[in-house]
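# Remarks on the overall topology
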Protein chains: 2
Amino acid sequence: MQNRPSVIIVGAGFGGLTAARALDGAAVDITVVDQRNFHLFQPLLYQVATAGLNPSDVAWPIRGILGKQSNCRVLLGEVNGVDTVQKDVLLADGRRLHYDWLILATGATHTYFGHDEWETYAPGLKRIDDATTLRRRILLAFERAENTTDEAERKRLMTFAVVGAGPTGVEMAGAIAELSRRAIAQDFRAIDPRKTRILLVEGGPRVLAALPESLSAFALTELQKKGVEVLLNTAVTGCDAQGLSLGDEHLPAATVIWAAGVAASPAARWLGVAADRAGRVQVTPDLTAPGYENIFVVGDTAAVQYKGKPVPGIAPAAKQQGTYVAHVIRAAVNNKAKPKPFRYQHFGSLATIGRHSAVIDFGPFHLKGLIAWWLWGVAHVYFLIGARNRTSVAMHWFFNYLSFSRGARLIIGDDERKAQQL
Amino acid sequence: MQNRPSVIIVGAGFGGLTAARALDGAAVDITVVDQRNFHLFQPLLYQVATAGLNPSDVAWPIRGILGKQSNCRVLLGEVNGVDTVQKDVLLADGRRLHYDWLILATGATHTYFGHDEWETYAPGLKRIDDATTLRRRILLAFERAENTTDEAERKRLMTFAVVGAGPTGVEMAGAIAELSRRAIAQDFRAIDPRKTRILLVEGGPRVLAALPESLSAFALTELQKKGVEVLLNTAVTGCDAQGLSLGDEHLPAATVIWAAGVAASPAARWLGVAADRAGRVQVTPDLTAPGYENIFVVGDTAAVQYKGKPVPGIAPAAKQQGTYVAHVIRAAVNNKAKPKPFRYQHFGSLATIGRHSAVIDFGPFHLKGLIAWWLWGVAHVYFLIGARNRTSVAMHWFFNYLSFSRGARLIIGDDERKAQQL
């Protein structure tokens, strides 16, 4: 193991993990650093938030994935900087990790466009703790509505607002509609969950703006059929303990969910390189940070172009970048020619709208409705890492499908007091 | 629904839930009140703590179980007293619930024998949050051991102490042994989890004191074979941030788990009636509280005798009591003769010792080893409420069995800072 080049990978999302696995067997010593001990399958996180899946259905211990790869070790730790002179990654606890090659795959989070104080009232959905917090809030809102005798308060508790009509917002609104209209419809005595008001608030003129207009129109109709009120061209001007403000109007809503805005992690700041408006590093064609031949940036932290458009922030893009970077490092270690610049291959964009409906844009042709939903389900189950997760998710879905019940709807958490503030 | 007698059931554990279901169709209006929105299958809670099962594998939403029972409603709320004059149950938020019949099934918790300050350092295992907290502590201890360069600290992080060698303590110690020796044995680079030190500390002269001596002896040998150090006749004299004190000796241990001592919930205090040393209400032969013909106490909150011995604090006992109380109420409502006094039927006592080994005391005959373990597994899966849970637990176990991996080993939780104090 002596004197092999050291590869540090920061972040065990789709990009980082793919890079680590693609370096299996290479003559390097890999260290994967992450703040969490698990890889998260973010595309299904909204199912955890709406009590359809368990946290461990969408998360998988990193050590379980990489434990048998002998050139790779895993480190639980928080990175807060890079010393590009000494070539060290800096950890929050003061440790330094020396790198010969560095892969920054630190992802992105949601942004409140300068209103970070809204986060308390309108949590987002990026981490697994976000999902369990949201699940607790959603389920507690129904419990409190059942308990209260104040009609206005009951109405407020049974109003849910989702901000942002991208794929996450559309999926959340659809899943809450399904939860209230079906899964828990018969669970209460004083309230009728089918009367839950679900608002999807979007600043732009259409839902799923990244998809073709015909699919946006279809998704809009589907959402409305499921009982979601879609407010287009509507700006959120405030969030508080009672609800949210839309223009001059205040709307009482106990549960507000933030699904708008993406901000990259601070990798650009660590390196002192140029970033785009969302904070993404504007990488070179071989995915290195400008000025650093041995530092790669991949996934949601990188701004990459293809056919004059930005590469979308989706799992397949991050995975392709991870694979590419591993090829570059392998070539260098083996003194082979440098691979050609990275080229993104787009296979399609998709979003699901609750039960039995989805839209898929394959470029040349489109799919929508039930068949798109099944394809979406099969694709997601297939891509989940690990045999157990695949079986478990398939089984949960099958049960949900047959019974309309949601087995994971437990209100768990020590911060009951925080929840009481709703 | 007018003027039907009101039955309030406090607690949706085995006793309360069985009583509610046994009253299905009776001419009463039932309200089940619980602080949590789920029923917990406590016998498998230690599997959640040791990353073998998901929270939702051992918990089931109360509304899902009782949602279709038309004479029953469910209320999320915290009871903190009973007004026996007005016949009202008092909720923490100020509400009052009028009862004609009251069933108190509020369970028990662990006790630190007057040293409540130990709880911070030596959490117990009664609630689902206890289990997820313990899981986080156990898994983080290994992560920190991998990260540290201080040999003494590494040893402390890899020392686990379980206090109390009843069924829960024996199961926890066995499960930690299995986790460290098998499931995560190959996950780390700097440490060898197989060298984890696991102590089981018991004040009395043998493990599983409620079982016959021959089964205790067998369990002791099995634990030692699995690498658990069993300290008998050993009193814990202190717990602190660094470990625990045994007599005059201080033992550095990052994770201490409390599985000793049972204290009943404060039902006796609410009613102002006599309690035994553990706080249990000394009920009459028909399970009513002394002096109150319409107030029943069942499960771990009640002290009941059979054949001159106390009825054990196990699920079948609570369920039999719940069924009995429902019969008494039904008879009264229908103006039938009062049923004969409650008689407990003991079917057996059992405990599992990690993988492939368990002991069962059927009274006339005993079972031990592999066959007892399989019987234990089948019995537990069978008794789990709901088809999904049954399938899910069976599947998780099957995977664990085949692969030795533990899929639920996620370190989740907002209180990272609390965990850092380890």
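These figures come from a predicted structure and were not determined experimentally.

Moving on to the overall build of chain A. Across its full length, chain A carries 12 helices and 26 strands. The C-alpha atoms of chain A give 22 Å as radius of gyration, which agrees with the globular expectation for 422 residues (22 Å, within 12%). Among the 422 residues that make up chain A, the fraction classed as buried is 50%. Pairs at least 24 residues apart make up 63% of the contacts formed inside chain A by residues separated by at least 6 positions.

The next point concerns the sheet that holds strand β2 (residues 29-34) of chain A. All names here are of chain A. Read from one edge to the other, the open sheet built from five strands follows the order β5-β2-β1-β9-β20, with strand pairing classed as parallel. Of all the strands in the sheet, the pair left with one neighbour each is β5 (72-76) and β20 (295-297). The sheet shows a mean angle of 15° between the axes of neighbouring strands, direction not considered. Taken together, the four bridges between strand β1 (residues 6-10) and strand β9 (residues 101-104) define a ladder with parallel strand orientation. In the strand pairing of β9, I9 is matched with I103. Seen against the sheet, helix α1 (residues 14-22) touches β1, β2, β5 and β9 and runs at an angle of roughly 155° to β1.

Bringing the environment of G322 of chain A into the picture now. Residues and elements named next belong to chain A. Of note, G322 is situated in helix α9 (residues 315-333). Given 28 C-beta atoms within a 10 Å radius, G322 is considered buried. Sequence spacing of G322 and L17 is 305 residues, and the spatial spacing of their C-alpha atoms is 7.6 Å. Setting aside chain neighbours within four positions, we find G322 in contact with G15, G16, T18, A19, A22, A105 and V298.

We now examine the packing of α1 of chain A against α9 of chain A. All names here are of chain A. Across the interface, α1 lies against α9 with an axial gap of 7 Å and an inter-helix angle of 35°. In this structure, α1 meets α9 at a crossing whose hand is right-handed. Contacts from F14, G15, G16, T18, A19 and A22 in α1 reach A315, A318, K319, Q321, G322, T323, V325 and A326 in α9.

Let us now look at the sheet that holds strand β8 (residues 96-98) of chain A. Residue and element names in this part refer to chain A. Here we have three strands laid out as an open sheet, ordered β6-β7-β8, and antiparallel in their pairing. Edge strands, defined here as strands with exactly one partner in the open sheet, are β6 (79-83) and β8. For this sheet, the mean inter-axis angle between neighbouring strands, taken without regard to orientation, is 25°. As paired strands, strand β7 (residues 88-91) and β8 are joined by three bridges and run antiparallel to one another. Note that in β8 the partner of D88 across the bridge is H98.

Let us now look at helix α10 (residues 370-383) of chain A. Residue and element names in this part refer to chain A. Under the 1.5 Å per step criterion, the end-to-end length of α10 is 20 Å for 14 residues, consistent within 8% with the ideal 20 Å. Taken together, the buried positions of α10 are A372, W373, W376 and H380. Along the axis of α10, the buried positions cluster into a sector of 100°, meaning they face one direction only. Seen from the buried face of α10, the exposed residues on the opposite side, beyond 90 degrees, are L370, I371, V378 and Y382. Residues of α10 that are buried sit in contact with β24 (349-352), β25 (358-361) and β26 (366-369).

For a regular strand, side-chain orientation follows a simple rule: the groups alternate between the two sheet faces. Residue and element names in this part refer to chain A. Across the five residues of β1, four count as buried, placing the element largely inside the fold. In this structure, β1 lies alongside β2, joined through five bridges in parallel fashion. Its bridge partner lying in β2, S6 is registered against D29. Traced from β1 through α1 to β2, the parallel crossover comes out right-handed.

What follows deals with the pairing of strand β9 (residues 101-104) of chain B. All names here are of chain B. Alternating positions in β9 separate into two faces, W101 and I103 on one and L102 and L104 on the other, with burial throughout. Where β9 lies against strand β20 (residues 295-297), three bridges are found, and the strand directions are parallel. Note that in β20 the partner of L102 across the bridge is I295.

With 20 residues, helix α5 (residues 128-147) of chain B extends 29 Å from end C-alpha to end C-alpha; this agrees with the ideal 28 Å at 1.5 Å per step. With 17 of its 20 residues buried, α5 of chain B lies for the most part within the structure.

All names here are of chain B. On the secondary structure map, G348 appears in the loop between α10 (315-333) and β24 (349-352). C-beta crowding within 10 Å serves as the criterion here: with 15 such atoms nearby, G348 is assigned to the partly exposed category. Beyond its immediate stretch of four places on either side in the chain, G348 contacts I360, D361, F362 and G363.

What follows deals with the confidence of the model for chain A. Low pLDDT means the predicted atomic positions in that stretch should not be read closely. Confidence in the prediction of chain A, expressed as mean pLDDT, is 88, and 90% of residues score 70 or more. Prediction confidence for the complex, expressed as pTM and ipTM, is 0.83 and 0.75 respectively.

On to the environment of G13 of chain A. All names here are of chain A. With respect to the element layout, G13 can be found in the loop between β1 and α1. Taking the C-beta count within 10 Å as the criterion, G13 has 24 such neighbours and is therefore assigned buried. Not counting the four nearest positions on each side in its chain, G13 is found in contact with H39, A105, G107, G299 and A318.

Note: most residues except glycine have negative phi, and most peptide bonds are trans. Residues and elements named next belong to chain B. Positive phi is not limited to glycine here, since F113 has a value of about 50°. Considering the arrangement of structural elements, one finds F113 in the loop between β10 (108-110) and α5. Phi at L208 takes a positive value of approximately 45°, unusual for a residue other than glycine. Position of L208 relative to the elements: it lies in the loop between β12 (197-201) and α8 (213-225).

Definitions and cut-offs
- Residues numbered from 1 in each chain as written.
- Chains lettered and ligands numbered in written order.
- Predicted model: local features only at pLDDT ≥ 70, side-chain atom pairs only at ≥ 80, totals over all residues.
- Helix = DSSP H or I, 4+ residues; strand = E, 2+ residues; numbered from the N terminus.
- Rg over C-alpha atoms; globule rule 2.2 N^0.38 Å.
- Buried ≥ 20, exposed ≤ 12 C-beta atoms within 10 Å, placed from the backbone.
- Contact = placed C-beta atoms within 7 Å.
- Pairing = 2+ DSSP bridges.
- Axes fitted to C-alpha atoms, helices over the stretch in contact; angles between N-to-C directions.
- Left-handed = near helix turned anticlockwise from the far one by under 90°.
- Expected span 1.5 Å × (residues − 1).
- Arc of directions from axis to C-beta.
- Right-handed = clockwise from strand over helix to strand, strands pointing away.
- pLDDT = per-residue confidence, 0-100.

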